[in-house]
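# Observations on chain architecture
In case you want the letters, here they are:
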Amino acid sequence: MPKKGMQKRSFFKKLWAGIGLLAGVELVWLTLNFLSPKKQKKDIKNLFAAGKIKNFSRNSVTPFRNRNFFLVRLQNGGFIALSIKCSHLGCNIEWDENDEKFVCPCHSSWFTINGDVMHAPATRPLATLPIIIENGDVKINTNVILKRNSIEDTEIVYADKHGKT
Ligand code: FES
């Protein structure tokens, strides 16, 4: 009878290996799908027209509270749309013009102009919303919130794909 027991063990080993392989494939597929910015931009159904590029001066923060985001134009001309929700527990943040930082009134987290954490308890940067610039208009997809664990230069959107305008 020990042979039958060995066959059973072998069967379960193969079964677990198969389940593990399936789970791995699914995890890779989900991760690639989640990280694909092209797909997220294709899914755009409801773009909010924030305004013309020229309406946003460099190093400025414009709140769109009814749409739950801040439109930031960085010193180098690039745009980034930041969620108004704190990455800690979701309170609405405010832009402090004097100190040039985002401040959360709930537990005093601070964030830089591009949404990076300056002061805990928040540990993750502010989430972003996809931006598309078409014919001089800055448009935001307010249906998509992109949570992030770090700041990437690729999140900054420029009017000129090759330059910094
Ligand atoms: S919700 Fe913003 S610091 Fe806690």
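### Looking at the side chain of Lys-139
- Examined against the element boundaries, Lys-139 turns out to sit in strand β11 (residues 137-141).
- Of note is the side chain of Lys-139, whose polar atom sits 2.8 Å from the side chain of Glu-134.

### Looking at a nonpolar patch on the surface
- A cluster of nonpolar side chains, namely Phe-11, Phe-12, Leu-15, Trp-16 and Ile-19, defines an oily patch on the protein surface of about 540 Å² accessible area.
- Note on Phe-12: relative accessible area 40%, which makes it partly exposed.

### As for the side chain of Thr-128
- Locating Thr-128 in the fold gives a position in strand β9 (residues 128-129).
- Using a relative accessible area of 6% as the deciding quantity, one classes Thr-128 as buried.
- Excluding its chain neighbours within four sequence positions, the residues that come into contact with Thr-128 are Ile-80, Ala-81, Leu-82, Val-144, Ile-145, Leu-146 and Arg-148.

### Structural notes on the state of the cysteines
- Counting across every chain of the model gives one disulfide.
- Sulfur-sulfur distance for the disulfide between Cys-91 and Cys-106 comes to 1.9 Å. Judged by the sign of its S-S torsion, about -95°, the cystine formed by Cys-91 and Cys-106 is left-handed. Here Cys-91 is found in the loop between β4 (79-83) and β5 (94-96), whereas its partner Cys-106 is found in the loop between β6 (101-103) and β7 (110-111), with 15 residues between them in sequence.
- On the accessibility criterion, Cys-106 (38% relative accessible area) is partly exposed.

Thresholds, definitions, all that
Residues numbered from 1 in each chain as written. Predicted model: local features only at pLDDT ≥ 70, side-chain atom pairs only at ≥ 80, totals over all residues. Heavy atoms only, no water. Helix = DSSP H or I, 4+ residues; strand = E, 2+ residues; numbered from the N terminus. Polar contact = N/O pair within 3.5 Å; in protein donor to acceptor, adjacent residues only side chain to side chain. Patch = residues over 30% accessible without salt bridge, like charges linked within 9 Å, V, L, I, M, F, W, Y side chains within 5 Å. Areas by Shrake-Rupley, 256 points an atom, 1.4 Å probe, with all protein chains shown as cover. Salt bridge = Lys/Arg side-chain N within 4 Å of Asp/Glu carboxyl O. Buried < 20%, exposed > 50% of the residue type's maximum accessible area, 1.4 Å probe, protein only. Contact = heavy atoms within 4.5 Å. Disulfide = S-S within 2.5 Å.

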